[in-house]
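Residue-level structural notes
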Amino acid sequence: MKILSVVGARPNFMKIAPIMDALQAYPQVENLLLHTGQHYDEAMSRVFFEELDLPKPDIYLGIGSGSHAEQTAFVMLAFEKVLLEHHPDIVIVVGDVNSTLACSVTAVKLGVSVAHVEAGLRSYDRQMPEEINRIVTDALSDFLFTTSRQANQNLIREGLDPEKIFFVGNVMIDTLDKHRVRAELLGTPGRLGLQPGQYALMTLHRAANVDDPMVLSRLVDVLYELQTEIPLLFPVHPRTSKRLAEFGLLERLETASQLQIVPPQGYLPFLDLMAHARLVLTDSGGIQEETTILGIPCLTLRQNTERPITVTGGTNTVVGSNPGVILRAARRILSGTHKNGQIPELWDGHAAERLVEILVKHN
Ligand code: UD1
């Protein structure tokens, strides 16, 4: 049996790592790792391979940046050649990035089974490129591995075969559990001059938030206001960094004395920073889940979430991009009012083991 696992962008690395680990229990399975190169910077890619003990990819496509169509098409062209050369039985794709969509479409058309990890998440917002990637990938996959019962229901509502759906839990939490103790000993807040429990942490990169000058400018106002009330750390995604410069918004941020802008952080320092934050503000998907497990209040700067379990059962609140609403929610947390949340079902550190067992049994 030959399995080819695909990674492409930053949020994929922490999801594939526990699957690579779990596959080691099956020496009869030949296991290949492919990196499309959608993310390629040291800070967005290589550092994660080192920190998460991921093996060096067997195949690197070197796709890089581009429009959605370019990125998707280049991955498909290169991936088709790989499939014809290596003939895997199963392709594993994770999450919802362009590489996920491109590889699943290509594999299915060559008759290769696709396993989608983190299937069934829906924001029901088709303006999000990730939502399109999720819908298409799920429609094509032979194995749909979900992180919540609600995701199973979403898939069933779309008419997908219940026999293909497996609720296994959250592989990203496997990674968090494995590295948490080590990460929390790094002393990252102190190294950045921050007191544990006394700073806010913010990330921002969604197209809807950073590509529109009006929206981004209002979020810069939020950053500015909030840092007058609590020290604020802002690791900046390359996409956001470009837009801030392009829209002339950097100057305002430079005058904010309690705001610290830093490059994208590695997995371990970022986990350390989340674990000790008073409050996290983000538009990331994964961070909504990680803060729920860490018990840290999270404000999601979007109109919706594909991860509602973090709202109903966790520490997450969806607040949109209106500065007044965000600041009111942040102030409530700073004054001590916030949800404590619980650990969602099967987010227990063993999702990858369950998932790999199912794949190996079914082949
Ligand atoms: C992608 C994913 C998004 C995920 C995010 C995590 C899609 C549609 N989007 O968005 O779901 O949450 O990754 O980061 O797949 N860039 C660099 N260095 C890199 C990678 C990107 O400088 O290593 C720059 C590029 O110039 C590019 C921009 O960042 O123009 C955006 O990169 P891209 O991969 O297109 O999408 P993300 O916004 O990162």
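Each chain has its residues counted from 1, following the order in which its sequence is written. pLDDT decides what is reported in this predicted model: residues at 70 or higher carry local features, side-chain atom pairs at 80 or more are listed and counted, and totals for whole chains, interfaces and linings draw on all residues regardless. Only hydrogens and water are removed before side-chain values are computed, so all heavy atoms of the structure are retained for them.

Observations concerning the overall build of the protein
Only runs of H or I of at least four residues qualify as helices and only runs of E of at least two qualify as strands under DSSP, and these elements are numbered from the N terminus. Along its length, the protein carries 17 helices and 13 strands. Taking 21 Å as the expected radius of gyration for a compact globule of 363 residues, we find that the protein reaches 20 Å, a close match to that expectation. Projected onto its principal axes, the C-alpha coordinates of the protein cover approximately 55 × 40 × 40 Å. Burial status follows relative accessibility: with a 1.4 Å probe on protein chains alone, a residue under 20% of its type maximum counts as buried, one over 50% as exposed, and anything between as partly exposed. By the burial criterion, 58% of the 363 residues in the protein qualify as buried. Contacts were defined at the residue level, with two residues in contact if any of their heavy atoms lie within 4.5 Å. A fraction of 70% describes how many contacts in the protein between residues 6 or more apart in sequence connect residues 24 or more apart. Reported accessibility uses the Shrake-Rupley method at a 1.4 Å probe radius. Residues are deemed covered only where the shown protein chains occlude them. By element, 52% of the accessible surface of the protein is carried by carbon and sulfur atoms, the whole surface being about 14,800 Å². When the 32 positive and 42 negative side-chain charges of the protein are each reduced to one mean point, those points stand 4 Å apart. Radius of gyration means the value over C-alpha atoms here, while the globule rule gives 2.2 Å times the residue count to the 0.38 power. Under the counting rule used here, the positive set is Lys and Arg, the negative set is Asp and Glu, and His together with the chain ends is not counted. A single reference atom marks each charge: NZ on Lys, CZ on Arg, CG on Asp, CD on Glu.

Side note on the pairing of strand β2 (residues 30–35)
Relative to β2, strand β1 (residues 2–7) runs parallel, the two being bridged by 6 bridges. What sits directly across from S5, in β2, is L33. Viewed with both strands pointing away, a crossover whose connecting path from the first strand over the helix to the second turns clockwise is right-handed. With helix α1 (residues 10–23) bridging β1 and its parallel neighbour β2, the resulting β-α-β unit is right-handed. One ladder, built from 2 bridges, connects β2 with strand β3 (residues 59–60); its direction is parallel. Bridge pairing in β3 places H35 opposite Y60. Note: two strands are recorded as paired if DSSP finds a minimum of 2 bridges between them.

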